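# What the coordinates show
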Amino acid sequence: YFSYKNHYMKTSYIPFLFFFVLSSSIFGQTNQFNVHESIKYRDQFKSTSILNVYSTENDLNVIARKSKSYLVFETFDNNAKGKKIKTIKINKKESFVGEIFHNNILRIFMVESPSKTERKLHCYTYDVASNTTEKVTLLETTVKKKSAIFSGGNKRQTNFSISPNNKFIAIATDLVKKNSNSYNIHVYDAATLNLYYTKSYYNNTEKHYRSSDMIVDNNGVVFNVGKEYFKGKRERKKAKANYSYVICKIDKETIKMGTISLKKEEYIQSLNLSFVNDNLRLLGYYSEDKVFGIKGVSTFIVDKTNLEVIDKKKQKLPITVFEDLYGYRNGKNKKDSELTSFTLDYLLEDEEGNTYLVAEEFYVTQVYVSNGMNGGMYVTTYHYDDILITKLDADGNLKWGRSIFKRDTFPSYNAFVNNGKLHVLLNSGKKLTAKKDGRLKVSQGWFESSSLYIFLYDKDGNVTHQKIQDNKGNTTYIPYSGSFVDGKFVMYNHSKSKKQIMMLTCEE
């Protein structure tokens with residue numbers, strides 16, 4: 001384990017009058033936000049993808065991006081002044097796997113693949129206050145040919161976790177070998193990146209295991225939950241779940257394991273961990289009919305010490321979910337059915353301990369298009385459709401559920417909680433279509449211009465819709481790649497060459 005300054009690092013200071021101007025007069029103020037927009041500027045990194053956006057406690061905004069050869073860090077204040085750019089040269093064989101932000105320190109984790117079997121995990125650290133960067137190689141390992149060292153995560157980045165007191169960083173790796181599953185935990189000091197301890201918490205030559213989520217507490221103790229399959233890798237055998245959930249408690253000295261058994265005809269695709277009242281809380285969607293269906297929400301309360309389940313709740317989706325999707329007439333007939341193809345994107349908590357689960361319907365279709373005498377080709381379409389929202393209180397009771405009847409072909413939305421209200425930010429057609437059956441369709445027609453909207457849900461699930469801007473004649477922003485911190489949401493526009501940033505500052 002070593003640390004050194006990268007000799008490719010460099011800093012560019014750009015005069016703010018040339019680069020960035022506050023434009024609050026363009027859109028003025030909405031009911032919920034002050035809207036600020038920068039002028040357009042030429043971006044030297046045209047092929048960049050945004051990794052994340054953060055805001056610091058002293059009102060500096062930090063953006064991390066990646067191009068083919070560089071990591072790019074940008075900072076600016078709330079008045080869009082004092083723009084700074086920091087770049088780090090990276091290897092073209094490095095890929096982004098996660099990031100953590102705390103105490104004005106942004107850490108970007110990248111995996112380098114020098115060969116088919118070599119893997120190196122690097123951490124690039126950007127200190128906002130000093131505008132300096134550092135590279136540390138955290139671990140090096142070998143894998144089965146062309147394998148990854150991290151299982152596919154979601155927006156919650158379940159391979160990485162930081163303790164509530166910001167003292168420990170935990171990283172989970174899975175090294176699938178030919179005859180066994182091997183899963184490791186590495187815990188680091190968050191301030192120095194020195195290795196605190198490492199443990200192999202699961203190694204089995206007979207049973208397949210798939211990690212679901214991981215968290216680390218203020219003492220550096222890691223809790224991991226995952227599926228242990230009884231036989232093979234199939235989700236269901238003989239009309240019942242072919243797995244149970246295994247909870248692992250890992251500290252510097254010991255490893256302890258507990259089990260969550262499922263009832264017959266009970267399927268839970270994944271479980272997410274959090275700390276509640278000095279216990280563990282596990283949340284997930286459950287199904288009684290389909291392997292990956294959603295009938296409702298399951299909640300498990302687990303004792304942190306002995307890993308025993310002390311409470312369990314199964315709560316069906318309320319009828320309002322189906323009325324939003326199918327209309328008030330058909331919704332009544334659908335209320336006992338299950339939703340399918342939904343993926344959990346956000347698990348959000350507010351100041352009162354309420355939890356919001358936000359999932360999006362995702363599936364892929366292929367259509368064969370004939371070119372006459374020249375044969376034809378298959379056209380693949382990615383569907384990012386309906387949004388499912390459920391709210392649970394601090395005791396795990398399901399308070400309400402809603403849906404957004406949506407159609408899209410790319411990731412388009414973002415969700416965050418502010419002042420006890422859930423915000424869903426997305427682009428849709430210029431006019432939201434109210435159908436006769438009570439549904440509100442969120443989509444864009446072939447020749448229709450788009451607009452940027454916020455769907456705002458109050459504490460009881462009542463929804464209002466607010467338009468931020470019509471995109472026609474204006475730049476189109478991408479909520480999906482934005483970030484909300486401390487009452488501010490920051491996002492980039494769609495252009496690759498003429499960059500522009502919008503900042504939404506929440507009203508109290």
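Conventions adopted
Residues numbered from 1 in each chain as written. Predicted model: local features only at pLDDT ≥ 70, side-chain atom pairs only at ≥ 80, totals over all residues. Heavy atoms only, no water. Salt bridge = Lys/Arg side-chain N within 4 Å of Asp/Glu carboxyl O. Helix = DSSP H or I, 4+ residues; strand = E, 2+ residues; numbered from the N terminus. Buried < 20%, exposed > 50% of the residue type's maximum accessible area, 1.4 Å probe, protein only. Pairing = 2+ DSSP bridges. Axes fitted to C-alpha atoms, helices over the stretch in contact; angles between N-to-C directions. Contact = heavy atoms within 4.5 Å. Phe/Tyr/Trp six-rings, centres within 6.5 Å; stacked < 30°, edge-to-face > 60°. Lys NZ or Arg CZ within 6 Å of the ring centre and 35° of its normal.

Bringing the pattern of salt bridges into the picture now. Tallying each qualifying case throughout the model produces 17 salt bridges. Among the salt bridges present, the one from Arg210 reaches Glu235, with a minimum N-O distance of 3.6 Å. Of the two residues, Arg210 is situated in strand 17 (residues 209–216) and Glu235 in the loop between strand 18 (222–229) and strand 19 (236–237); the sequence distance between them amounts to 25 residues. Residue classification places Glu235 among the buried positions, given a relative accessible area of 9%. Here Lys459 makes a salt bridge to Asp460, at a shortest N to O gap of 3.3 Å. Three or more residues are tied together by salt bridges with common partners; here these are Arg210, Lys227 and Glu235.

So, about the sheet that holds strand 41 (residues 501–506). Judged by pairing direction, the sheet is antiparallel, and its 4 strands sit side by side in the order 3-41-39-38 without closing on themselves. The open sheet has two free edges, formed respectively by strand 3 (33–37) and strand 38 (483–485), since each of these has just one partner strand. Across the sheet, the mean angle separating the axes of adjacent strands is 15° when strand polarity is ignored. Relative to strand 41, strand 39 (residues 488–492) runs antiparallel, the two sharing 5 bridges. From the neighbouring strand, Phe489 faces strand 41, where its bridge partner is Leu504.

Among the structural elements, Ser298 can be located in strand 26 (residues 296–302). Using a relative accessible area of 0% as the deciding quantity, one classes Ser298 as buried. Through-space distance from the C-alpha of Ser298 to that of Leu282 is 8.0 Å; in sequence the pair is 16 residues apart. Apart from the residues lying within four places of it in its own chain, the contact partners of Ser298 are Glu266, Ile268, Leu282, Leu283, Gly284, Tyr286, Lys313 and Lys314.

Right, let's get into the packing of aromatic side chains. Enumeration over the complete set of coordinates arrives at 20 aromatic pairs. Ring centres 5.4 Å apart and planes at 20° place the aromatic pair Phe416 and Phe489 in the stacked group. Linking Phe416 in strand 32 (residues 414–418) with Phe489 in strand 39, this pair joins segments that are 73 residues apart in sequence. An aromatic cluster is built from Tyr183, Tyr201, Tyr202 and Tyr209, whose rings are joined through pairwise contacts. Cation over ring: Lys334 sits above Tyr326, and NZ or CZ is 5.0 Å from the ring centre. Just above the ring of Tyr492 sits the side chain of Lys499; from NZ or CZ to the centre is 5.8 Å.

Nothing here speaks to function; it is geometry throughout.
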